[in-house]
Amino acid sequence: MTVNAVWSSNDWDPLEEVVLGTAVGFTPPPVDPSLRHFFERPDEAEREKIPSAMLDRIVDEAEEDLRDLTAVLESHGVAVRRPERPVPGQQYSSPNWASVAMHALMPRDCLSVIGDMLIEVPMPMRSRYFEVFPFRDLLREYFDSGARWLSAPKPRLPDSTYIYESNASVVADDEPLFDAANLLRCGYDIFFNVSSTGNRRGATWLQRALGPDFTVHEMSICADHVDTTLHILRPGLLLANASQMKPEMIPSPLQSWKTLWVTDIEDDGFAFDWPRASRWVGMNLLALGPDRVLVPSTQVSLMRQLEQAGVEPVPVRFRHGRSLGGGLHCCSLDIRRRGELTRYF
């Protein structure tokens, strides 16, 4: 049997290779319409001044946690790859706006793996426009090893992209837009969250890019990314955020599966004036396989809940999810899982 360099069609098959991001180069971006839209930040965000010593400490501790995470993954037989470290404060502009590159910490947001295909997605936040670039050397290596490599159209992102509605922020449907973390992969079925980080034109683009063998299901279950709201732990078993979802919000093909409802989560706090993620980033998990998942070590109640369902939690330290805006799932991209591309319903 030929082993593909890139192969992943879900979040639960046995993990063999993963890319972890880097906190090095993290730069708080300017507060522009795209950042206000995504974070729904407090009004005083424009006045935030992060002391350089504090930022350096947070970045150093985040890198320490990623090194520890690397050791845990390698102890379970998983190969770990890392991107090029970006230079802090990289400025760039389009004909209509300017921004600063934020980080290369979260490959799950800028890239998706579906089968043997690597997809660069059209992200709606301006400070993340070139976020994939530190991963390009890895992408070229995987391409040279036989993977397919596809890039969505680069969006223009005018101010009119960012629409504010009562109780929700959405992105205009003028051009395909989505973060890869809007996707819930389940073999030939892809669940696409229409939200402040993904629009219906993005879902249509993905459906046409993948072709008729795949089905892209639109859903709207949370304000942005799905991985603090709904996980497929394995076929027949879901993990859901009870503060965000009700049973009827689970996509209809998944409603017959058992759901573990998480009613509360530990708040790890945040270092800066305002958080870049909710406390539910503690539910942001990375599966080693269908019966074993990596969980932030502070989430004791969640770990007990998983154990009762027959899923072994592996605790890992991850201190700054709320400060930097992403958890274990966000900061990783599974490149190769051992399994088949199949249909589950």
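Anything mentioned here points back to the structure above.
Please read these numbers as outputs of a predicted model, since none were measured by experiment.

Further remarks concern the overall build of the protein chain. For the protein chain, the count of helices and strands is 7 helices and 19 strands. For the protein chain, the spread of C-alpha atoms along the three principal axes comes to 50 × 45 × 40 Å. The buried share of the protein chain, taken over its 345 residues, is 57%. By element, 48% of the accessible surface of the protein chain is carried by carbon and sulfur atoms, the whole surface being about 14,300 Å².

Okay, the sheet that holds strand 13 (residues 230-234) next. Reading across the sheet, the 3 strands line up as 13-14-15 and stay open at both edges, with mixed pairing between neighbours. In the strand order of this sheet, the two ends are held by strand 13 and strand 15 (258-262), each with one partner. Strand-to-strand twist of the sheet, defined as the mean angle between neighbouring strand axes without regard to direction, takes the value 25 degrees. As paired elements, strand 14 (residues 237-241) and strand 15 share 5 bridges and run parallel to each other. Its bridge partner being in strand 15, Leu239 is matched across the sheet by Leu260. The strands touched by helix 6 (residues 300-308) are strand 13, strand 14 and strand 15; relative to strand 15, the strand with the most contacts, the crossing angle is about 165 degrees.

On to the nonpolar core. Soluble, globular proteins show a tendency: their nonpolar side chains are buried together. The biggest cluster of nonpolar side chains holds 34 residues, and the ones touching the most others in it are Leu206 and Leu210. For this core, the elements supplying multiple residues, two or more each, are strand 5 (111-114), strand 6 (117-120), helix 4 (136-144), strand 11 (189-193), helix 5 (200-210) and strand 19 (332-337). Per-element accounting of this core gives the leading share, 4 residues, to helix 5. With residues up to four places along the chain from it excluded, the contact list for Leu210 reads Ile114, Met117, Ile119, Ile190 and Val216. If you look at the next biggest cluster of nonpolar residues, it comprises 30 residues, including Leu288, Leu328, Cys330 and Cys331.

Looking now at the state of the cysteines. Considering all chains together, one arrives at 0 disulfides under this definition. Free cysteine: Cys331, not disulfide-bonded; nearest cysteine sulfur from Cys330 at 6.0 Å. For Cys331, a relative accessible area of 0% puts it in the buried group.

Here we take up the side chain of His217. Along the chain, His217 turns up in strand 12 (residues 215-219). Polar side-chain contacts of His217 include one of 2.6 Å to the side chain of Asp189.

Strand order in the open sheet formed by 3 strands is 2-1-19, and the pairing between neighbours is mixed. Here the strands that pair on one side only, and so sit at the sheet edges, are strand 2 (79-81) and strand 19. Strand-to-strand, the axes of this sheet are offset by a mean angle of 25 degrees, without reference to chain direction.

When you line up the elements, Arg81 lands in strand 2. A residue is classified by how much of its surface remains accessible, and Arg81, at 24% relative accessible area, is partly exposed. Taking the C-alpha atoms as reference points, Arg81 and Ala181, separated by 100 residues in sequence, lie 19 Å from one another. Once you skip the residues sitting within four places of it in the chain, Arg81 turns out to touch Glu17, Val18, Val19, Leu20, Leu138, Glu141 and Tyr142.

A separate point is the packing of aromatic side chains. Taken as a whole and judged by the stated rule, the model has 12 aromatic pairs. Between Tyr188 and Phe214, the aromatic rings sit 5.1 Å apart at their centres with planes inclined by 55 degrees, giving tilted as the arrangement. Taken together, the residues span a long stretch of sequence, with Tyr188 in the loop between strand 10 (183-186) and strand 11 and Phe214 in the loop between helix 5 and strand 12 at a distance of 26 residues. Note on accessibility: Tyr188 and Phe214 belong to one class, buried. Taken together, Tyr92, Trp97, Tyr129, Phe130 and Phe133 form an aromatic cluster joined through their ring pairs. Over the ring of Tyr129 we find Lys154, and its NZ or CZ is 4.4 Å from the ring centre. Of note, Arg343 hangs over the ring of Tyr188, and the distance from its end group to the ring centre comes to 4.4 Å.

Calculation criteria
- Residues numbered from 1 in each chain as written.
- Predicted model: local features only at pLDDT ≥ 70, side-chain atom pairs only at ≥ 80, totals over all residues.
- Heavy atoms only, no water.
- Helix = DSSP H or I, 4+ residues; strand = E, 2+ residues; numbered from the N terminus.
- Buried < 20%, exposed > 50% of the residue type's maximum accessible area, 1.4 Å probe, protein only.
- Areas by Shrake-Rupley, 256 points an atom, 1.4 Å probe, with all protein chains shown as cover.
- Pairing = 2+ DSSP bridges.
- Axes fitted to C-alpha atoms, helices over the stretch in contact; angles between N-to-C directions.
- Contact = heavy atoms within 4.5 Å.
- Core = buried A, V, L, I, M, F, W, Y, C linked by side-chain atoms within 4.5 Å.
- Disulfide = S-S within 2.5 Å.
- Polar contact = N/O pair within 3.5 Å; in protein donor to acceptor, adjacent residues only side chain to side chain.
- Phe/Tyr/Trp six-rings, centres within 6.5 Å; stacked < 30°, edge-to-face > 60°.
- Lys NZ or Arg CZ within 6 Å of the ring centre and 35° of its normal.

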